[in-house]
Every structure is written in C-alpha cells, then in structure tokens.
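Examination of the molecular architecture
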Amino acid sequence: MRSFNIICALIARRTLAATVAIAAFAFTAPASQAQLATGIPDDLEGVGITEHVGAKLPLDASFRDEDGKMVTLGDYFTEEKPAILTLVYFDCPMLCSLVINGTVDAIKTLKYTPGSEFEIITLSFDPTETPTLAKLKKQSYIKEYGRPEAAAGWHFLTGDETNIKRVTETVGFGYKWNEKMQQYAHSAAIMIITPDGTVSQYLYGIAYEPQTLRLSLLAASQGKLGTPLEKILMYCFHFDSSEGKYTPSALGIMRLGGSVIQINEVRYSSVAKGESLPDTVRTLECYADIIVLRHPEVGSAAVAAEHARKPIINAGDGTGEHPTQALLDIFTIREELGAIDGLTVTMLGDLRYGRTVHSLARLLGRYDVRLNYVSPEILRMPAELVAQLKEQGVQQTECDSLEPVMAATDVLYVTRIQKERFTDLDEYESVKGAYVITPEIMQGFRPRMALMHPLPRVGEIAPEVDSDPRAAYFRQMEYGLYVRMALLAMVLGKA
Ligand code: ASP
C-alpha cells in the first residue's frame, strides 16, 4: 500500500461524536505501530472557521479576475443577487478541488444559474497565484458544470495578501502556510452572502445538500441571515496527492460526523521503535471508539481484535481478507441485479493474492450461488478456501479462460494482479495483462449482468468499457461509502 500522510481532523457539533483511528501500515514497515496524531496539531493552530454571520465584506477590496482585469468585490454585488463565496487556492492538492467540485455538484441540481439568480466568487487565498491559473480552473469547472452561460457569473479571483486578508478575516476563515510541507493548512466551507455583501450562512464540508444550498441562497437573496448549521470542520493538511483521495473509511466517518485520527506514516511513529501490534492497538483505543486497521500481514486484524477492548474493523490484512469490501460488493450485486440467490458469479484475475475475492467468495457461500474462478494457474483461488466452500455445498468451477463461463455469468468480478505481493517479479511479468476486458469481450456477456472491480484497476478493464451500463465499478465505489457508514453506525450502536 502506498502510504500517504494526512492528518484529517474533524470537529463535529450535534453529531455522532465518535472518534475512529484509522491505521494503515506500509508494507515495508514492521508489523507494529503507534504514536498518535491526536487533537489539533500545532500546524493547525489558528486554522478553521469562526462564523461571522452579519459581517459586511470589504466591497472595495480589489483583485484581478481570471482575465487579469482589476475588479473590486463590490462589482459583484450590484444587481440584488446573493453570492456564494469560496476561499481556496488553485494549486491545492486536495480539499479545494473537493470544495469546488462539491459546489458544482450542488449547483448542477439547482434551477438557478450563476450570473442569473446568484453569483459565485472563488477567491484564491494564495497571493502568489495568477489570473492565468485562475482562468484554467474556471474553464475546467464551467465545463464540468455544463452550463457555459455560468461563466458570466462565476468569478475566479486572485490578489495580494492585504486584500485577501481583508476578506478572510471578515469571514473568519483561518489558514496557514506550512513551510515544511509547502502547502496551506485550511478547512472546507462555502459562505452564502446577501446582495449587499453581508455574510449570511456557512455551509461546511465538501458536499452541500442542494436543498440547503437553495434555501440558503433564497434566504440570503431576501437579506436574511442564517442560523448556524451543523459544523463539521475538515482540515486539509499533509496530503500526498499520489493517493488522490481520502480513504473510504475516513470519508464515511466524516459523513457521519465523527472525528478521525489517521495514522499512515509509520516512520514518524513508534513502529519505527519496534512497538508490537497488541501494544499499538491498546494505545490507539485509549483515543478512539473504533480502530479501522489495514495491515500487511494475514491474521493481523484477528490479533488486534484479541487484544483490543474496542471494535476492530479489518480494512485488509495482507493477502488474507477484506470483509468490508465483501459487504459493499454484495450490496452492489443486490442494487444492480435485485437479488443474490440464483446468480452465477465469475471471479477473474488474481484469486491467489486478491483478498477481496477471498472475502467475497466466503460471503457468497452463504447464499445459493454458483462460483466460477478464472485465473492463470499460479494465481488460483487458495485450495483451502475452495475445499471449505465445497464442503458447504457451493458449486465452484475453476478454469483459465473466460469463454466457457461467460454466457452464464451474472456478475463478472475482475481483480488486479497484485504486483506488490509477488516475491518474484518475473512471475508477475508472466501473468500481468493476462486478462483485459474490452467492449468486444463484453459482447459475449448477458445484456443484464454486472461488471465489478474493487479498484484500483491497472489495465484489467479498458476505459472504453466504462460507458457500458453494465460497468458497475464506480457505483460499487459509491455504495462502499454508504455500506461503511452503515457498518460504523452499527458498530457504534447508532443504527
Ligand atoms: N482495493 C482492494 C484492496 O485493498 C483491491 C486492490 O488493491 O486490488 O484489496
């Protein structure tokens, strides 16, 4: 697993108030861990949002728009329209694009369009950013939004520090440059502004409920000031863009309103000092309500559970199991095809090292299903697992090509050849690319079936297949968020 380094802290009001430790252990690390990132680190001191509802924006503050033209904030408050203010920096590796994407997603569902019923001001708080970059961002977001006319009402501004600070201080938006990480620490929210430039409402996070946004804009358009909404502060900091996303568990917890202690960089932790897994777990549980554990060794979650007082969720133990993935997979099958019983599920690829298929086969074994395993000889499903399912009466077929089984397949579950598990890279080279699902191959499958993949894919499914309605893997990803949220809520006794 690529390790990434994120401290993601949330402060929730009126929420689940649970803390979850998510521990992901790098493969290169010894099988132990610790040193907690608890509370708010020094680097996040002063970062966050202090609501200043009723504050008046400095309408004379001047900036450059995306064409390099000098403008003042007041230029956007001349037509009796409310506005959305987003404070971001365009080069942000993470949270800012989520804020803008969240805005796009929410406004897509509204009848209102920027430029007609409201304005959007997206202001960079990084004084080194330029109109050229702002323009590129604007083009890509307007394209994503799909309403070109919105360009007239969505303004991507850059400016000098004095003018930026006048705005950020007015709205209570705290951010901080971190020299070591060469990034800003900041949080995620959008602000709704009345037509005369008064701060009316703060919407927190990276996903804005369209109905709330609509009502907030409506209230602001009438000059009304909003009451504080549930506040979940999300801090963006130390993010390694190579990972590209928050982990699903962390996102699930955030959406439930809990707080997350994320531990990834074992080199900064007691792992490096040789702490044992049982000790790590006993340390972590002093600070958290649940521990979500991803570890390179088979059986590590069971060891952790044995020593823990708090619930452990296995988020992948080496080549062993991935039970939460199996739950979301089965949920996906039900959503896509309506039932599980009576189906034929074909698993393809790396069945030896792929932990997701181990858990899924076990779970499916509890239903009335047929299982086909298609893999190269050296990557077959572990014999003990096949034997165990046979004993349970599950019908299983093993082969090395799709042809004999494709016509009868209801679910094709494709997996990645797990390069990181091979000790002999020549062996990996001999099997990589063994199966690639293309639109032509999809023609051999039933019109009603589901094509699934736990992701990431690295070539097993050609991108041209993505538009096939049977390609369910991105929906599967989304279902994963809900299933993990439900699981966390259940474990916490909140569901
Ligand atoms: N994301 C899945 C896992 O963690 C599948 C994979 O990595 O190929 O096992």
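Residues numbered from 1 in each chain as written. Predicted model: local features only at pLDDT ≥ 70, side-chain atom pairs only at ≥ 80, totals over all residues.

**Quick word on the site of the ligand**
- In the neighbourhood of the ligand, the contacting residues comprise Gly316, His322, Arg355, Thr356, Arg416, Pro454 and Leu455.
- Across the shell around the ligand, the residue classes break down as two nonpolar, three polar and two charged. (Near = placed C-beta within 6 Å. Nonpolar A, V, L, I, M, F, W, Y, C, P; charged D, E, K, R; others polar.)

**Digging into the nonpolar core**
- Counting 56 residues, the largest nonpolar core has Ala83, Leu85 and Met191 as its most contacted members.
- Among the elements that make up this core, the one with the highest residue count is helix 1 (residues 95-108) (six residues).
- Membership of the second largest hydrophobic core comes to 34 residues, among which are Ile330, Leu371, Val374 and Leu379. (Core = buried A, V, L, I, M, F, W, Y, C linked by C-beta atoms within 7 Å. Buried ≥ 20, exposed ≤ 12 C-beta atoms within 10 Å, placed from the backbone. Helix = DSSP H or I, 4+ residues; strand = E, 2+ residues; numbered from the N terminus.)

**Quick word on the sheet that holds strand 21 (residues 411-414)**
- The parallel open sheet is built from five strands, whose spatial order is 20-19-18-21-22. Strands at the two margins of the open sheet, each flanked by one partner only, are strand 20 (395-399) and strand 22 (450-452). Across the sheet, the mean angle separating the axes of adjacent strands is 15 degrees when strand polarity is ignored.
- Examined bridge by bridge, strand 21 and strand 22 share three bridges and lie parallel to one another. Looking at strand 22, one finds that leucine 412 is bridged to leucine 451. (Pairing = 2+ DSSP bridges. Axes fitted to C-alpha atoms, helices over the stretch in contact; angles between N-to-C directions.)

**Quick word on the confidence of the model for the protein chain**
- Residues at a pLDDT of 70 or more form 81% of the protein chain, whose mean pLDDT is 84.
- Throughout residues 1-17 the model reports pLDDT below 50, and contacts reaching past four residues in sequence, or to other chains, amount to 61 contacts.
- Across residues 230-246, where pLDDT falls below 50, the model places 59 contacts with residues more than four positions away in sequence or in other chains. (pLDDT = per-residue confidence, 0-100. Contact = placed C-beta atoms within 7 Å.)

**Structural notes on the pairing of strand 12 (residues 189-193)**
- Burial of strand 12 is extensive: five of the five residues sit out of reach of the surface.
- The pairing of strand 6 (residues 83-88) with strand 12 spans four bridges and is classified as antiparallel. By the bridge assignment, threonine 86 is partnered in strand 12 with isoleucine 190.
- Looking at chain direction, strand 12 and strand 13 (residues 199-204) are connected through five bridges and run antiparallel. Looking at the pairing, isoleucine 192 lines up with glutamine 201 of strand 13.
- The turn joining strand 12 and strand 13, which pair antiparallel and follow one another in sequence, is formed by five residues; a positive phi near 85 degrees is taken by glycine 197.

**Brief notes about unusual backbone geometry**
- Put simply, leucine 455 and proline 456 share a cis peptide bond, and its omega is 5 degrees.
- Not every positive phi belongs to a glycine, and glutamate 80 is a case in point at roughly 60 degrees.
- Relative to the helices and strands, glutamate 80 is located in the loop between strand 5 (70-72) and strand 6.
- Its identity as a non-glycine residue notwithstanding, leucine 455 has a phi of 60 degrees, on the positive side.
- Within the fold, leucine 455 resides in the loop between strand 22 and helix 14 (473-491).

**Things to note about the packing of helix 1 against helix 2 (residues 131-145)**
- Between helix 1 and helix 2, whose axes approach to 10 Å, the crossing angle comes to 30 degrees. Helix-helix and strand crossings are classified by hand; for helix 1 and helix 2 the assignment is right-handed. Touching Ile100, Val104, Ile107 and Lys108 of helix 1 are Tyr141, Glu144 and Tyr145, all from helix 2.
- Looking at side-chain class alone, the contact of helix 1 with helix 2 contains five nonpolar, no polar and two charged residues. (Left-handed = near helix turned anticlockwise from the far one by under 90°.)

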